[in-house]
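Here is how the chains run, residue by residue.
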Amino acid sequence: RGSWPPVASGKKDVMLLDSAGRDPSPFGPVRASEAAWPDGGAWLADERDDAGVHLPTPRTLAAPPLGWPASPYAMHTPSHTPSSSPLRSSAVSSLASGLGGGGGGAQERIKGLAVDLQQRTYQAVARSLIKEDRLTFALHLARSLAPHEFAEADWSLFTRKQAGGMSGSFSVPGWVPADRKADVALLSTTLPQLVQESGLASNPEWAQWMGSPSPETMPPRSMPSSVRRFQFLLLLQALRPERLGAALTSFACDLLRLPNLGTAPSSLQHVAAEGNDPTQPILMITTAGVDPSAELEDLASRVMPGRFKPLAMGGQQTGPALQLVREGAQRGDWVCLKNLHLVVGWVPALAKELSSLTPHPEFRLWLTTEAHPSFSPIVLQASLKVTFEAPPGLQRNLMRTYETWAPEYVETGSVQRAQTLFVLAWFHALIQERRTYIPQGWSKFYEFSSADLRSAADLLAPAAGQGSGALPDLEMVHGLLGTSVYGGRLETGADKRVLDSYMRQYFTGELIAGRGGARALGGVLQMPQSARHADFVRAIAALPPVDSPALFGLALNADRAVASRTSSYVIKSLRTLSTAAEGAAAFERERWSAELSPLLTLWQKQLQQNDLLKLASAGASAVLGVHLDTPVHRFVALERKKAAALVEAVDGTLSSIARVVRGAELLTASTQAD
């Protein structure tokens, strides 16, 4: 895994055994991939499938080239692997001495164990995070373990912690798109040496590289070896931000020796076995449309029959909840408190109650909540946390629906009824997965849930259950779905038109009358001609695992907006993480001055050059004198008023910070938060 981009010319499976023919790994059988290097050498990197853990324990077949592969984008020498951080080196040295002096074999084994430890650490934390936050955590962890891969100036530019000027002698090449010129100019001002070494202005290969569908995998061939991999990511950030997410994922996986950023499936049975401490709550963090309560109830009926006590939380349930916890702790029951995000102000009282209990050894407290910014950190730190969220994609969405619908439910009645349910499941999956493309898909995130699907099924299934070919009242179906079941959640006219279009496309006489085999749903999903549950599951399994925007009636480049938004979210989250860590330290005026002076200077320069405060004041006063006789005039007036308020708010905040930096004002909590 040392080479980047991938340069392996072939692979073969190898089973690693010791001299006696036994598997030397204490973690079970290990497979290794032998990859050919550019100069003919080979390097073994072990791979394991269990729990998603990747355990490298290098063994040399033919020594890798000095400094790793002779590729300008290779990771650097083995001394620069994540295991070389000072903390890790100290731990490894101590462990080696404890094992008796540390011969070559012991050192290699310890390095493998150290990598396994960091991967298990990632797995333990990542399973409590939603998917969109796992890349943020992986990069944060990788930077902590391998700080030498992230120069401070590079990291500051990447996270946009420091502002730079937009002027300079650098002329942005003509092939750079207009929407990327500002970021390229910022890169050239902040890191001029990188721009010069990479040949961004003079090398024509960059213009060809811009048109590549996967530019993160193959930089221009003329890229010099002095440009490190993270610096290439800065170039990618400036020129092709929609591909940055994939590049960051690959970069983090290489540094942490992970096959991917996924986590091992966490069944509640495994969670219950792991959470065997009666004093430790098990906190299940859910997302909209996902509820593990049914699975937990099924598990409890098998493991703790008659001793499972669930309670849905609300404003009037806090007292009974505490009593239920006390009784469960005394008798050794399983207690489940649902929807704690509805009573976050009461959660500290629950933590206090738990600290005073001496529970029965078989007692378990299960908690469910959606993410909430005010949730008690005491409970978070004390709990075993697992996240449950809906897997993305139409195929997985439909599979989840047909796992919920038992074969008896689907097969009861006519073929027409089963096909109608299939159309409904497709329609429900479409409007749920369309939320991926906000704001192109929907104007906001609507919580279309499994309850909506049940309501629609209760409405449609009886109407199509006779199998006589007679059509149900389509006007009634469209009306109830469009105004009550699904349409009642929508807030804009544009979203309502999208929903109406889907209903006209799928809830038609041809499909609901059982003649849907004439065409495929969405052009990709064939309609089974039977009522067998297994036939519908097979049809769903044939769907591509990755969705195309065209399936939702969106432009093919809608994915670019989603990818760019994901990259922006990761960068913003990393900036927040680093800022929070720095804010925990004592206030250092000199450091504030050094880091904030460029931003304060730039703002003052903008004020002087453009007279922003005067323009803002004039814009606000002009609103009062304009005759707002048309919608366009009203819109422009309101936008000018908002712009004026924004300029004044920014100027007030930066003025307070400037006074603190100069020593003219004491640091307050509000200023530090700003």
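Conventions we followed
Residues numbered from 1 in each chain as written. Predicted model: local features only at pLDDT ≥ 70, side-chain atom pairs only at ≥ 80, totals over all residues. Heavy atoms only, no water. Helix = DSSP H or I, 4+ residues; strand = E, 2+ residues; numbered from the N terminus. Buried < 20%, exposed > 50% of the residue type's maximum accessible area, 1.4 Å probe, protein only. Contact = heavy atoms within 4.5 Å. Areas by Shrake-Rupley, 256 points an atom, 1.4 Å probe, with all protein chains shown as cover. Pairing = 2+ DSSP bridges. Expected span 1.5 Å × (residues − 1). Arc of directions from axis to C-beta. Phe/Tyr/Trp six-rings, centres within 6.5 Å; stacked < 30°, edge-to-face > 60°. Axes fitted to C-alpha atoms, helices over the stretch in contact; angles between N-to-C directions. Parallel < 35°, antiparallel > 145°, perpendicular 65-115°, else oblique. Left-handed = near helix turned anticlockwise from the far one by under 90°. Nonpolar A, V, L, I, M, F, W, Y, C, P; charged D, E, K, R; others polar. Right-handed = clockwise from strand over helix to strand, strands pointing away.

**Q** What is the right way to read the overall build of the protein chain from this model?
**A** Within the protein chain, the secondary structure is distributed over 27 helices and eight strands. Within the protein chain, buried positions represent 43% of all 674 residues. At a minimum sequence separation of 6, the contacts of the protein chain that also span at least 24 residues come to 70%. Entry remark: accessible area of the protein chain is about 33,000 Å², with carbon and sulfur atoms responsible for 56%.

**Q** In this structure, what is going on with the pairing of strand E7 (residues 364-370)? I would like to understand it.
**A** One face of the sheet, then the other: side chains in a regular strand alternate in exactly this way. For E7, the buried fraction is high: six of the seven residues fall into the buried class. The sheet contact formed by strand E4 (residues 282-286) and E7 spans five bridges and is parallel. Bridge assignment links isoleucine 285 to a residue of E7, and that residue is threonine 369. As judged from the four bridges shared by strand E6 (residues 334-338) and E7, these two strands associate in the parallel manner. In the strand pairing of E7, tryptophan 334 is matched with arginine 364.

**Q** It is not clear to me how the environment of proline 310 should be interpreted in this structure. Could you clarify?
**A** Tracing the sequence through the fold places proline 310 in strand E5 (residues 308-312). Along the backbone, proline 310 and lysine 338 are 28 residues apart, and their C-alpha atoms lie at a distance of 7.4 Å. If near-sequence neighbours (up to four positions away) are discounted, proline 310 is found in contact with Cys336 and Lys338.

**Q** Any chance you could explain helix H12 (residues 318-331) here in plain terms?
**A** Structural remark: α-helix, 3.6 residues per turn; residues separated by three or four positions point the same way. In a regular helix each residue adds 1.5 Å, so 14 residues correspond to 20 Å; H12 covers 20 Å between its end C-alpha atoms and thus fits that length. Residues of H12 that are buried: Ala321, Leu322, Leu324, Val325, Gly328 and Ala329. Viewed along the axis of H12, the buried residues span an arc of 160°, placing them on a single side of the element. Those residues of H12 that are buried are in contact with E5, E6, helix H13 (347-355) and E7. Positive phi appears at glycine 332, one or two residues downstream of H12, with a value of about 85°.

**Q** Hey, could you run me through the packing of aromatic side chains in this one?
**A** Taken as a whole and assessed by the stated rule, the structure comprises 25 aromatic pairs. Pairing phenylalanine 427 with tyrosine 486 gives two aromatic rings, centres 5.3 Å apart and planes at 80°, and the pair type is edge-to-face. With a gap of 59 residues between them, phenylalanine 427 in helix H17 (residues 415-433) and tyrosine 486 in the loop between helix H19 (474-485) and helix H20 (493-506) connect regions that are remote in the sequence. Residue phenylalanine 427 is classed as buried on the basis of its relative accessible area, which comes to 0%.

**Q** Looking at this structure, I do not really get the environment of phenylalanine 536. What am I missing?
**A** In this structure, phenylalanine 536 sits in helix H22 (residues 533-541). For the pair phenylalanine 536 and glutamine 419, spaced 117 residues apart in sequence, the C-alpha to C-alpha distance is 9.0 Å. Residues within four places of phenylalanine 536 in sequence aside, it is in contact with Tyr402, Val410, Ala418, Gln419, Phe422, Pro528, Ser530 and Ala531.

**Q** What should I look at first to understand the packing of helix H15 (residues 394-404) against H17 in this one?
**A** Two quantities define a packed helix pair, namely the angle between the axes and the distance from one axis to the other. Interaxial distance between H15 and H17 falls to 9 Å at its minimum, and their mutual angle equals 135°. With respect to H17, the axis of H15 lies oblique. The handedness of the crossing between H15 and H17 is right-handed. Contact residues: H15 offers Leu394, Asn397, Leu398, Arg400, Thr401 and Tyr402, while H17 offers Ala418, Leu421, Phe422, Ala425, Trp426, His428, Ala429, Leu430, Gln432 and Glu433. Residue composition of the contact of H15 with H17, by class: ten nonpolar, four polar and two charged.

**Q** Sorry, what's going on with the pairing of E6 here?
**A** With four of five residues buried, E6 lies mostly within the body of the structure. In this sheet, E6 lies alongside E5 in parallel orientation, the contact comprising five bridges. Counterpart to phenylalanine 308 in the pairing with E6 is tryptophan 334. Following the backbone out of E6, through H13 and into the adjacent parallel E7, one traces a crossover that is right-handed.

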